[in-house]
Amino acid sequence: MNADTADTAGPVRVVLADDEAMIRAGVRAILATDPGIEVVAEAGDGRAAVELVRAHRPRVALLDIRMPRLDGLSAAAEIRRLVPETATLMLTTFGEDDHVARALGHGASGFLLKAGDPRELIAGVHAVADGGAYLSPQVARRVIELGGERLARRPVARDRLAGLTEREREVLALVGAGLSNAEIARRLHLVEGTVKSYLTSVFTRLEVRNRVQAAILAYEAGLVEPTG
C-alpha cells in the first residue's frame, strides 16, 4: 500500500474516535455486523484519532464532534490535510446544530445522528467510503430547518438550480441521495469521468465546496426529501 493513500482494497477500514468508551463499543458492535466493514483502531480523543489515521490509512474516519485534546471538526480538518483519501464521517446529536453548520464549510463527507437507526451507521460508512456524501435523514431535516448563511430555503434554492441542465439536476439529485460517482455513472449509464465533469460544473454553478453542501442544496430545492 502506498504510504500516501488510504487502503481501498478489501473491507472498508475504519478508525473510530469517541471519548466515551461505551459509545465506541456500541458503534463497533454495530459495524461488526457488516462483514464489509472493519474497525482497525479506536481513539478516545481527536489528537489520537489523527495519529491513528496517519498510521492505518483507513478509508473512513468516524469522529465524534465533541472530544478532548482536539475536537472532531479540527481532527477532521487535520485528517483531510494529512490523509486526504480518508473520508471523514461525523457523529452528532440534536444539541450540536452549530457544529453541524460549521462543519459544512470544512468538507466533512457526512453526518450521522448518535441516536439514529443503526442501519444508517452502516449505510453512511459505505457511502462515504465509496466517495459519496451521507446525511442522516434527521440531520438533513434539521439543517434545512435551521437554514444558515449558505443554505437558502426552498424558493431561493430552486432559483439557484435554475441554471443547471436537466442532466446536471439528475446528477445533483443522486448526490443528494448519497450515491458515489461510480453509482451515479451506473444509474445514468455514463462513464465515471463524465460524472466527475458534471459534478465540477454543478459545484461551480451552485458555488458549493463539497458533496455535503451540494446534497443539502438538493434537499432544500426538493430534488430529494429526507426520510425516516
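Scroll up to find the structure.
Residues numbered from 1 in each chain as written. Predicted model: local features only at pLDDT ≥ 70, side-chain atom pairs only at ≥ 80, totals over all residues. Heavy atoms only, no water.

**Q** Would you mind showing me how to read the overall build of the chain here?
**A** Along its length, the chain carries 11 helices and 6 strands. Out of the 228 residues in the chain, the part that is buried amounts to 52%. The contacts in the chain between residues at least 6 apart in sequence include a share of 67% that link residues at least 24 apart. Of the roughly 10400 Å² of accessible surface on the chain, a fraction of 51% belongs to carbon and sulfur atoms. (Helix = DSSP H or I, 4+ residues; strand = E, 2+ residues; numbered from the N terminus. Buried < 20%, exposed > 50% of the residue type's maximum accessible area, 1.4 Å probe, protein only. Contact = heavy atoms within 4.5 Å. Areas by Shrake-Rupley, 256 points an atom, 1.4 Å probe, with all protein chains shown as cover.)

**Q** What's the story with unusual backbone geometry in this structure? I'm lost.
**A** For residues that are not glycine, phi is negative in most cases, and the peptide bond is trans in most cases. Backbone geometry at arginine 69 places phi at a positive 65°, although glycine is not the residue there. Turning to its location among the elements, arginine 69 is positioned in the loop between strand E3 (60-64) and helix H3 (72-82). The exposure class of arginine 69 is exposed, given its relative accessible area of 65%. Although it is not a glycine, glutamate 207 sits at a positive phi angle of roughly 60°. A relative accessible area of 71% places glutamate 207 in the exposed class.

**Q** Looking at this structure, I do not really get the pattern of salt bridges. What am I missing?
**A** Where charged atoms from two side chains of opposite charge approach closely, those side chains can pair. As enumerated under the stated definition, the model contains 10 salt bridges in all. Two residues, arginine 59 and aspartate 130, come together in a salt bridge whose shortest N-O distance is 3.3 Å. Linking arginine 59 in the loop between helix H2 (46-56) and E3 with aspartate 130 in the loop between helix H5 (118-129) and strand E6 (134-135), this pair joins segments that are 71 residues apart in sequence. For aspartate 130, a relative accessible area of 40% corresponds to the partly exposed category. Arginine 119 is paired through a salt bridge with aspartate 117; the nearest N and O atoms lie 2.6 Å apart. Look at arginine 119 and you get exposed, because its relative accessible area is 63%. Here the salt bridges do not stand alone but share partners, grouping Asp18, Asp64 and Lys114 into one network. (Salt bridge = Lys/Arg side-chain N within 4 Å of Asp/Glu carboxyl O.)

**Q** Mind showing me how you'd approach the pairing of E3 here?
**A** Put simply, side chains in a regular strand alternate between the two faces of the sheet. Across the 5 residues of E3, 5 count as buried, placing the element largely inside the fold. Bridge count for strand E1 (residues 12-17) against E3 is 4 bridges, and the pairing is parallel. Its bridge partner being in E3, alanine 17 is matched across the sheet by leucine 63. Crossover E3 to strand E4 (residues 87-92) through H3 is right-handed. (Pairing = 2+ DSSP bridges. Right-handed = clockwise from strand over helix to strand, strands pointing away.)

**Q** Explain H2 here, please?
**A** For an α-helix the count is 3.6 residues per turn, leaving residues at separations of three or four pointing the same way. For H2, every residue scored as buried is listed here: Gly46, Ala49, Val50 and Val53. One face of H2 carries all of its buried residues, which in axial projection span an arc of 100°. Looking at the buried side of H2, the elements it contacts are E1, strand E2 (37-43), E3 and H3. With a side-chain oxygen positioned 3.0 Å from the backbone nitrogen of arginine 47, the residue opening H2 is aspartate 45. A positive backbone phi angle near 50° is found at arginine 57, which sits one or two residues after H2. (Arc of directions from axis to C-beta. Polar contact = N/O pair within 3.5 Å; in protein donor to acceptor, adjacent residues only side chain to side chain.)

Note that every value here comes from positions in space, so none of it alone points to a role or purpose.
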